[in-house]
Amino acid sequence: MNKRQEHRNNRRAADDAAIAEAAEILRQGGLVAFPTETVYGLGADATDDRAVAAIFAAKGRPQFNPLIVHVPHIEAAAREVVADARARRIAARFWPGALSLVLPRRSESRVSLLCSAGLPSLAVRAPRHPVAQALLKAAGRPIAAPSANPSGAVSPTDAAHVVQGLGEAAGMILDGGPCPLGLESSILDLTGADPVLLRPGGVTREDLEAEIGPISLAGRHAAITAPGMMESHYAPRLPLRLNARAARPGEALLAFGPPPEGEAATENLSPSGDLLEAAAKLFAALHRLDRPGFTGIAVMAIPETGLGAAINDRLRRAAAPR
Ligand code: TXA
Ligand code: MG
């Protein structure tokens, strides 16, 4: 990696000045790749729909997987999710650390619905890495961050991996050296009566069980299993009709771009046809339209390019017969 490329990719040693600058970029809706003790994350202000949509665009993800929302401590997490006694006990033992907890979303949470990808839950984690902690405190808001690699590639454990994988698409890259653990966080689902380990990671199942008793592994519970499968959990109650040119009587019209002549859009994902804006609005729009006053939701065609692939993937799942 020569100097010029590094400069172009905006990789900076994670000193106090760079962290302050990164926090400002986040507050203004930009992306920042930052080190955690597990792997590098590609962060955005979790409360900013457009910024979260930009994460998916940068990673080239063909689907909206739910994202882990990073917080400095359990009190900050408890503003976004319902943290019961069990969750608090686990957090007291393992946070900050390599453990993400999936908990029920609070209805008043300001976190973008894109972070939940339509699920009623949200994954939260307080990372231990001093740069991640400093960035969270300086930003003063929760940070959504998947691993900072292109979709389908291995997680980056060094700033150089982020430069190679995402380059300029990562926004600013805070270089905090190699990640001490180099393995993603464990993901523990605490939304049900029985805790389920969705992904083994930095904190072992044995250590978790020593704290709260038996934990089942995802896969033995067919209903939950791999995150990809959970996409089908959320679908609007109303039927969706895709590639609609106009609404039929009783239907709501979910438009993309200018609505057809003489038609009024009930919701418009992006009047100007901007896919980033459409991704940012998708889940909130579906939630608003899914009400008894309508017989169904007619969705105008969305191009299959860029973020359009992820938007259409979600719409097809939502439209699938149940
Ligand atoms: O160590 C880590 O966890 C790193 C650092 C940056 O925190 N992050 C990370 O994120 O590995 P990502 O997006 O690459 O993997 C997160 C996994 C995904 O498989 C996602 O589906 C799952 O967590 N996930 C996120 N929110 C979820 C939720 N509400 N319910 C179930 N699974 C969830
Ligand atoms: Mg990942």
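I will try to describe carefully the structure that is included in this document. Keep in mind that what you see is a predicted model, and the values were worked out from it rather than measured. (Residues numbered from 1 in each chain as written. Chains lettered and ligands numbered in written order. Predicted model: local features only at pLDDT ≥ 70, side-chain atom pairs only at ≥ 80, totals over all residues. Heavy atoms only, no water.)

Some remarks on the pairing of strand E13 (residues 251-255)
Inference 1: Among the five residues in E13, five count as buried, and that is most of the element.
Inference 2: Covered by surrounding structure in E13 are Glu-251, Leu-253 and Ala-255 together with Ala-252 and Leu-254, the residues of both alternating faces.
Inference 3: As paired strands, E13 and strand E14 (residues 267-268) are joined by two bridges and run parallel to one another. Following the sheet pairing, Ala-255 is matched in E14 by Asn-268. (Buried < 20%, exposed > 50% of the residue type's maximum accessible area, 1.4 Å probe, protein only. Helix = DSSP H or I, 4+ residues; strand = E, 2+ residues; numbered from the N terminus. Pairing = 2+ DSSP bridges.)

Some details on the pattern of salt bridges
Oppositely charged side chains can pair when the atoms bearing their charge come close.
Inference 1: Scanning all chains against the criterion turns up 16 salt bridges.
Inference 2: Two residues, Glu-211 and Arg-93, come together in a salt bridge whose shortest N-O distance is 3.6 Å. Placement of the pair is Glu-211 in helix H9 (residues 205-212) and Arg-93 in helix H5 (residues 85-94), with a sequence separation of 118 residues.
Inference 3: Taking the relative accessible area as the measure of exposure, Arg-93 reaches 45% and is therefore partly exposed.
Inference 4: What emerges from the salt-bridge pattern is a single network uniting Arg-89, Arg-93 and Glu-211. (Salt bridge = Lys/Arg side-chain N within 4 Å of Asp/Glu carboxyl O.)

A look at the packing of aromatic side chains
Inference 1: Within this structure, the stated rule accounts for two aromatic pairs.
Inference 2: Geometrically, the ring pair formed by Phe-56 and Phe-64 is edge-to-face, given 4.9 Å between the ring centres and 90° between the ring planes.
Inference 3: Judged by its relative accessible area of 1%, Phe-56 is buried.
Inference 4: The exposure class assigned to Phe-64 is buried, which follows from its relative accessible area of 1%.
Inference 5: When the ring of Phe-64 is compared with that of Phe-283, the centres are 6.1 Å apart and the planes differ by 70°; the resulting orientation is edge-to-face. With Phe-64 in the loop between helix H3 (49-59) and strand E4 (68-70) and Phe-283 in helix H11 (residues 275-289), this residue pair connects regions lying 219 residues apart in the sequence.
Inference 6: In this structure an aromatic cluster arises from ring pairing among Phe-56, Phe-64 and Phe-283. (Phe/Tyr/Trp six-rings, centres within 6.5 Å; stacked < 30°, edge-to-face > 60°.)

Some thoughts on the pairing of strand E6 (residues 121-125)
Inference 1: Within E6, five of the five residues are buried, which leaves the element mostly enclosed by the surrounding structure.
Inference 2: Neither face of E6 is left uncovered, since the one carrying Ser-121, Ala-123 and Arg-125 and the one carrying Leu-122 and Val-124 both have all their residues buried.
Inference 3: As defined by bridge partners, E4 adjoins E6 across three bridges and the pair is classed as parallel. Counted as the bridge partner of Ile-68 is Ala-123 from E6.

Some remarks on the packing of H5 against H9
Inference 1: Taken N-terminus to C-terminus, the directions of H5 and H9 make an angle of 130°; their axes are 10 Å apart at the nearest point. In terms of axis orientation, H5 runs oblique to H9. Taken as a pair, H5 and H9 cross one another with a handedness that is right-handed. Together, Arg-86, Arg-89, Ile-90, Arg-93 and Phe-94 of H5 and Asp-207, Leu-208, Glu-211 and Ile-212 of H9 make up the contact between the two elements. (Axes fitted to C-alpha atoms, helices over the stretch in contact; angles between N-to-C directions. Parallel < 35°, antiparallel > 145°, perpendicular 65-115°, else oblique. Left-handed = near helix turned anticlockwise from the far one by under 90°. Contact = heavy atoms within 4.5 Å.)

Topic: unusual backbone geometry
Inference 1: Here the bond from Trp-95 into Pro-96 is cis, since omega is -10°, no more than 30 degrees from zero.
Inference 2: Unlike most non-glycine residues, Ala-117 shows phi in positive territory, near 50°.
Inference 3: Within the fold, Ala-117 resides in the loop between helix H6 (113-116) and E6.
Inference 4: You will see that Asn-243, though not glycine, has its phi angle at about 50°, which is positive.
Inference 5: Look at Asn-243 and you get exposed, because its relative accessible area is 56%.

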